[in-house]
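Remarks on the overall topology
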Amino acid sequence: MLRLGFHYHIPMFQADDGQLRTPGYIGRFLDSLAAQVDILVCFLHSPREDELPQMDYTLIAPNLEFVNIGVHSSLPQRILNTKQITYHLHQHLERLDILLIRGPSPLLPAMAKAAGDLPIALLLVGDYLAGINDLPQPRWRKEAIRVWSWWNYRQQLRVAKRSLTFVNSHQLYQQLQGKVTDLVETRTTTLSQSDFFEREDTCQREPYNLLYTGRMDRAKGLFEMVEAVDWLTSNGYDVILDLVGWPQKGDQIVEELLEDASRRGIIDRVMYHGFKSVGEELFSFYKNSDIYLIASRSSEGFPRTIWEAMAHSLPVIASRVGSIPHYLDDTNDAILIAPRQASEIADAVVKIINDPDLRQHLIANAVRKAKANTLERRSKELISEIKIWLGK
């Protein structure tokens, strides 16, 4: 077996009853990893008070340990406290065979350095440099973030060159190919084999429910979705846009979206449902929807929510950015659109509503593709690659 350490910036919480809780998408991943190793030691922050509602998943793996590396404070505070944070890793190095760091992450360079001679594996699932222009920040702050993100990327690349590096994006794979020796393209998901909900068709009755799930982030094309709903309702289509997810701290995007809908006279057509736990609470929205939308404006890895939608037999409309066009075939697995184009979102919705043959074709292919990408399969592959790399 394998003694695996893990670090990421998403926090974990130990309740009074001793149970460990974390956001569902990380918790499911960690439980699936723990099933493949002898012991999994998680070097994670504890949550801020405002993050406690997001600690919605109770971990079940008996061989998983939580090492609290300090509160998930602001980025400058964490950087200033790097020595205190990495001290916790130093205390456990002799117990581990390898440290897996999910990135990008603010302390990735520091944790990799603190690991010393311990082998490192990286799991890269995004790019800090993408989407900076869409941040709700003044220009000077965006430029400061850009400078720091570039520094973090360069440090991450230095670590990757001496590590086993997994990427969940074909675009990232192409960027790193030739720069990183031990590079493996993978896919990440929250889906277990028991999560699938199969049906032959959607759009059987009005209103047609359009669904978005995930971070309430300007880079996800949410304003374009509202604009598309405006066009659709103006042209006689009975649609409702359901938004499920959470905004970043301090971002007023939900209020702005609802104000935009109100100005357009479609406030009754845009419904914000807040954060929902991964599992039945979230999955019930997929089951009761007709079409899934994700209209990202800039580079993506491959959003896990697309896999969730496909596993619940939803036809998908997604923008042609990042790894999405590498993993999904246009009009075969999903309908792909140009980013920042509300008219293309509306046209794709009309196409799916009016063409049952296309709709059923998309659903059948989506379910088939999602079944090849479960937590059980991907975790087993990841740990197998690590063992081969370590020479075990």
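Right above here is the structure, for reference.
Now for a look at the structure at hand. Note that the coordinates shown come from a computational prediction; the quantities given were computed from them, not determined experimentally.

Moving on to the overall build of the chain. When helices and strands are tallied, the chain shows 14 helices and 16 strands. Its C-alpha atoms give the chain a radius of gyration of 21 Å, within 12% of the compact-globule value 21 Å for 392 residues. Within the chain, the proportion of its 392 residues that are buried is 58%. Considering only contacts within the chain whose residues lie at least 6 apart along the sequence, 72% involve residues at least 24 apart. Put simply, the chain shows about 16800 Å² of open surface, and 47% of that area lies on carbon and sulfur atoms. In the chain, 44 side chains carry a positive charge and 49 a negative one; their mean positions are 7 Å apart.

For strand 11 (residues 208-216), the tally of buried residues reaches 8 of 9 residues, placing the bulk of the element in the interior. Here strand 11 pairs with strand 12 (residues 239-247) via 9 bridges, running parallel. Looking across to strand 12, one finds that Thr-213 is bridged to Val-244. Note on the crossover from strand 11 through helix 7 (residues 222-234) to strand 12: the handedness is right-handed. Alignment of strand 11 against strand 14 (residues 291-294), held across 2 bridges, turns out to be parallel. Paired with Leu-210 across the two strands is Ile-291, which belongs to strand 14.

Glancing now at the packing of helix 10 (residues 304-311) against helix 13 (residues 356-371). To characterise two packed helices, one gives the angle between the axes of the helices and the distance between these axes. Viewed as axis vectors pointing N to C, helix 10 and helix 13 meet at an angle of 120 degrees, and their least axial separation amounts to 8 Å. In this view, helix 10 runs oblique relative to helix 13, as classed from their interaxial angle. Judged by the sense of rotation from one axis to the other, the crossing of helix 10 with helix 13 is left-handed. Of the residues in helix 13, those touching helix 10 at Trp-307, Met-310 and Ala-311 are Ala-366, Val-367, Lys-369 and Ala-370. Looking at the contact of helix 10 with helix 13 residue by residue, the class counts come to 6 nonpolar, no polar and 1 charged.

With antiparallel pairing, 3 strands are arranged side by side in an open sheet as 2-3-5. Only two strands of the sheet have a single neighbouring strand rather than two, namely strand 2 (13-14) and strand 5 (57-58). Bridge count for strand 3 (residues 20-22) against strand 5 is 2 bridges, and the pairing is antiparallel. Residue Arg-21 lies in a different strand from strand 5, and its bridge partner there is Thr-58.

Glancing now at the side chain of Ser-289. Within the fold, Ser-289 resides in the loop between helix 9 (280-287) and strand 14. On the accessibility criterion, Ser-289 (2% relative accessible area) is buried. Among the polar contacts made by the side chain of Ser-289, one reaches the main-chain carbonyl oxygen of Phe-285 at a distance of 2.6 Å.

On the surface, Lys-83, Lys-113, Arg-154, Arg-158, Lys-161, Arg-162 and Lys-179 cluster together into a patch of positive charge. By the secondary structure assignment, Lys-83 is in helix 3 (residues 82-90).

Attention shifts here to the packing of helix 9 against helix 10. Where helix 9 meets helix 10, the axes come as close as 9 Å, and the angle between the chain directions of the two elements is 60 degrees. Considering how the two elements wind past one another, helix 9 and helix 10 form a crossing that is right-handed. For the pair helix 9 and helix 10, contact is made by Leu-282, Phe-283 and Tyr-286 and by Thr-305, Glu-308 and Ala-309, respectively. Residue composition of the contact of helix 9 with helix 10, grouped by class: 4 nonpolar, 1 polar and 1 charged.

What counts and what doesn't
Residues numbered from 1 in each chain as written. Predicted model: local features only at pLDDT ≥ 70, side-chain atom pairs only at ≥ 80, totals over all residues. Heavy atoms only, no water. Helix = DSSP H or I, 4+ residues; strand = E, 2+ residues; numbered from the N terminus. Rg over C-alpha atoms; globule rule 2.2 N^0.38 Å. Buried < 20%, exposed > 50% of the residue type's maximum accessible area, 1.4 Å probe, protein only. Contact = heavy atoms within 4.5 Å. Areas by Shrake-Rupley, 256 points an atom, 1.4 Å probe, with all protein chains shown as cover. Lys, Arg positive; Asp, Glu negative; His and termini not counted. Charge placed at Lys NZ, Arg CZ, Asp CG, Glu CD. Pairing = 2+ DSSP bridges. Right-handed = clockwise from strand over helix to strand, strands pointing away. Axes fitted to C-alpha atoms, helices over the stretch in contact; angles between N-to-C directions. Parallel < 35°, antiparallel > 145°, perpendicular 65-115°, else oblique. Left-handed = near helix turned anticlockwise from the far one by under 90°. Nonpolar A, V, L, I, M, F, W, Y, C, P; charged D, E, K, R; others polar. Polar contact = N/O pair within 3.5 Å; in protein donor to acceptor, adjacent residues only side chain to side chain. Patch = residues over 30% accessible without salt bridge, like charges linked within 9 Å, V, L, I, M, F, W, Y side chains within 5 Å. Salt bridge = Lys/Arg side-chain N within 4 Å of Asp/Glu carboxyl O.

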